[in-house]
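What follows is the residue order along each chain.
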Amino acid sequence: MTKSRLDEVDVLKGISIIAVLMIHTTASAVSTLDKSSISYLIFAFINRFSQFAVPAFIFASAMLLMYNYGHGFDWRLFYKRRLKNVLLPYVIWTMIYGVYLYIVHHVPLRSILTVKNILLGGMFYHLYFIVIIVQLYVLFPVLLYIYKLINKNIYTILISIIIFQIADILLFKYIISRYYQNSGNLFITYISLIIAGMYVGDNIQRWKKYYSKKWLNLSFAVIVFGYLFVDISLKAFANKQINFNLYNIYYYTFILIASLFFFALSTKILNHHMLSSLLIGTGKLSFGIYLSHPLFLDVLNHFLNTGNQYLYDIYIIITFIIIYVVSYIFAMFIKKYKFSAVVVGK
């Protein structure tokens, strides 16, 4: 049986889905604007700093799995409910995006009906996340077993996070990449987030107290590593030579600290009624917003565009607002119907 809902997790999901929308609405600006312009620097900063978004979702998913199911449950019922609420929406939206690509973008069927598109989340650029979540659910018993082995104290957890993440990087670089090049589709890429999420979910009350004491430390850490990650990303965008080992260190450290930071921030946001209500509502609809927003964004880009570079900044801001509002209303509308679970999840 699942425990009571954690409002702070819904706030974290709300923050994360907003960051996802920021990534996708600023992507065109990052790729097209003059890299010496102020607008480019602002949008590129927003785009790169928001990269914590999907990792934070994975962190939250691992946290909730541990919080609800870490101490015994009916496995058959678990798989039936979890996979139904993820796999069916995945199938529905894979079909929707496949039809959309065929009708609107005139993509040939032979390019649409591939193993990568159908099974590995390749039909549209955001569906890879669902593939990761399915892996997390399927392998949760194994992850739970490993977690219990390493969960001696906070130090064994920290050491395990470092060791597992380094092992993942080396494993992909020297073995997996020979056969499969997209590390972003593999759950092991986010192993540090998964272990950290499980630990927090297992010690939720103690971590709430810890956050209140270490708030300034987390704030400082997310600023430092956020800056380092954004800085090295912008150098890569400018085709400057970078140290990829250093990039990995900055990236994985940033997304882990950012996930912890924004979860801590979420607990504080609960004290502010209007903001927390907005983010909780957004968080509860986040799966539907995530699945649907690229469709609305792609359609909007066909109708709302500007060739005037002076209006481009306003265009990006307006696009973000429209996509947020439309996808929010869509997910909320679908939630009213009995079939909503197969479209936008439970």
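In case you missed it, the structure is sitting above this.
Below is a short write-up of the structure. Sequence order sets the numbering: in each chain, residues are counted from 1 along the sequence as written. Note on the predicted model: pLDDT of at least 70 is required for a residue's local features to be given, and 80 or more for side-chain atom pairs to be given and counted; whole-chain, interface and lining totals, by contrast, use all residues. Note that the side-chain values use all heavy atoms of the structure and ignore hydrogens as well as water.

## Some details on the environment of I161
Logical step 1: Elements are defined by DSSP. Helices are runs of H or I of four residues or more, strands are runs of E of two residues or more, and each kind is numbered from the N terminus. Within the element layout of this structure, I161 appears in helix α9 (residues 154-174).
Logical step 2: A relative accessible area of 8% means that I161 is categorised as buried.
Logical step 3: With 42 residues separating them in the primary sequence, I161 and N203 have C-alpha atoms 17 Å apart.
Logical step 4: The residues touching I161, leaving out its near neighbours within four places in the chain, are S192, I195, A196 and L256. Note on exposure labels: buried denotes an accessible area under 20% of the residue type's maximum, exposed denotes more than 50%, and partly exposed covers the range between, all computed with a 1.4 Å probe on protein chains only. Contacts were defined at the residue level, with two residues in contact if any of their heavy atoms lie within 4.5 Å.

## Re the nonpolar core
Logical step 1: Ranked by internal contacts, the top residues of the largest apolar core, which has 107 residues, are F59, L127, M198, V200 and F263.
Logical step 2: Ranked by residues supplied to this core, first place goes to helix α13 (residues 244-269) with 15 residues.
Logical step 3: Every residue in contact with F263, bar those within four places of it in the chain, is listed here: E8, V9, L12, F59, M63, V200, I204 and Y211.
Logical step 4: Residues L33, Y40, L234 and Y312 belong to the second largest nonpolar core, which totals 11 residues. The set of buried Ala, Val, Leu, Ile, Met, Phe, Trp, Tyr and Cys residues whose side-chain atoms join them within 4.5 Å is what this entry labels a nonpolar core.

## Side note on the pattern of salt bridges
Logical step 1: Just to be clear on terms, a salt bridge is a Lys or Arg side-chain nitrogen sitting within 4 Å of an Asp or Glu carboxyl oxygen. For the structure shown, the criterion picks out one salt bridge.
Logical step 2: Here D231 and K235 are joined by a salt bridge, their closest N and O atoms 3.3 Å apart. Of the two residues, D231 and K235 both sit in helix α12 (residues 215-237), four residues apart, roughly one turn of that helix.
Logical step 3: Among the residues examined, D231 registers a relative accessible area of 26% and is labelled partly exposed.

## Some points on a nonpolar patch on the surface
Logical step 1: Nonpolar side chains (Val, Leu, Ile, Met, Phe, Trp, Tyr) within 5 Å and like charges within 9 Å form the patches, drawn only from residues with over 30% relative accessible area and no salt bridge. Exposure was quantified through the Shrake-Rupley algorithm and a 1.4 Å probe, taking into account, for residues, occlusion by the shown protein chains and nothing else. Residues V99, Y102, I103, V104, L109, L113, V115, I118 and L119 make up a contiguous nonpolar surface patch of roughly 850 Å² in combined accessible area.
Logical step 2: Secondary structure elements with two or more residues in the nonpolar patch: α4 (75-103) and α6 (115-119).
Logical step 3: With respect to the helices, strands and loops of the structure, L109 is situated in helix α5 (residues 109-112).

## Quick notes on the side chain of S286
Logical step 1: Inspection of the secondary structure puts S286 in helix α15 (residues 286-303).
Logical step 2: The class of S286 is buried, set by a relative accessible area of 5%.
Logical step 3: Once residues within four sequence positions are removed from consideration, S286 is found in contact with K13, I17 and F57.

## What about the packing of aromatic side chains?
Logical step 1: Aromatic pairs are defined between Phe, Tyr and Trp rings, using the six-membered ring for Trp, whenever the two ring centres lie within 6.5 Å; interplanar angles under 30 degrees are classed as stacked, those over 60 as edge-to-face, and all others as tilted. Evaluation of the coordinates by the stated rule reveals 24 aromatic pairs.
Logical step 2: Ring centres of F320 and Y324 lie 6.4 Å apart, and the angle between their planes is 5°; this geometry places the pair in the stacked category. Here F320 and its partner Y324 are both found in helix α16 (residues 312-334), four residues apart, which amounts to about one turn of the helix.
Logical step 3: Ring pairs connect the aromatic residues F45, F49, F52, F229, Y247, Y251, Y252, F254, F261 and F262, which therefore count as one cluster.

## Some details on the packing of helix α3 (residues 53-69) against helix α10 (residues 191-202)
Logical step 1: At their nearest, the axes of α3 and α10 sit 7 Å apart, and the two run at 40° to each other. With respect to α10, the element α3 is oriented oblique. Of the two elements, α3 crosses α10, and the hand of that crossing is right-handed. From α3, P55, I58, F59, A62, M63, M66 and Y67 reach across to α10, where they touch L193, I194, A196, G197, M198, V200, G201 and D202.
Logical step 2: Looking at the contact of α3 with α10, its residues break down into 12 nonpolar, two polar and one charged. Structural elements are reduced to axes, namely lines fitted to C-alpha atoms, with helices fitted over the stretch in contact, and the angle between N-to-C directions of any two is expressed from 0 to 180 degrees. Any angle that is under 35 degrees is reported as roughly parallel, and any over 145 degrees as roughly antiparallel; angles of 65 to 115 degrees are reported as roughly perpendicular and all others as oblique. Helix crossings get a hand from a simple test, with the near helix turned counterclockwise from the far one by less than a right angle marking a left-handed crossing and a clockwise turn marking a right-handed one. In this classification, the charged set is Asp, Glu, Lys and Arg, the nonpolar set is Ala, Val, Leu, Ile, Met, Phe, Trp, Tyr, Cys and Pro, and all remaining amino acids, among them Gly, are polar.

## As for helix α2 (residues 38-49)
Logical step 1: The span one expects for a helix is its residue count, reduced by one, times 1.5 Å. End to end, α2 covers 16 Å across 12 residues, agreeing with the expected 16 Å (1.5 Å per residue, within 8%).
Logical step 2: Residues S39, Y40, F43, A44, N47 and R48 constitute the buried set of α2. End-on, the buried residues of α2 take up no more than an arc of 145°, which puts them together on one face.
Logical step 3: In this structure, the buried residues of α2 make contact with α1 (7-32), α12, α13 and α16. Throughout, the arc means that of the directions going from the helix axis to the C-beta atoms.

## Quick notes on helix α8 (residues 140-150)
Logical step 1: Within the sequence span of α8, burial applies to F140, L143, L144, Y147 and I150. Projection of α8 onto a plane perpendicular to its axis shows the buried side chains occupying an angular sector of 130°, all on one side.
Logical step 2: Looking at the buried side of α8, the elements it contacts are α3, α4, α7 (128-138), α9 and α10.

## Digging into a positive patch on the surface
Logical step 1: We treat Lys and Arg as the positive residues and Asp and Glu as the negative residues; His and chain ends play no part in the count. We put the charge of a Lys on NZ, of an Arg on CZ, of an Asp on CG and of a Glu on CD. The grouping of K80, R81, K84 and K346 at the surface amounts to a positive patch.
Logical step 2: Looking at the secondary structure, you find R81 in helix α4.
Logical step 3: Of the residues examined, R81 reaches a relative accessible area of 47% and is grouped as partly exposed.

## Overview of unusual backbone geometry
Logical step 1: One non-glycine residue, H106, lies in positive phi territory at about 55°.
Logical step 2: If you trace the backbone, H106 turns up in the loop between α4 and α5.
Logical step 3: By relative accessible area, H106 is classed as exposed at 64%.
Logical step 4: Phi at N239 takes a positive value of approximately 65°, unusual for a residue other than glycine.
Logical step 5: Tracing the chain through its elements places N239 in the loop between α12 and α13.
Logical step 6: We classify N239 as exposed; its relative accessible area is 73%.

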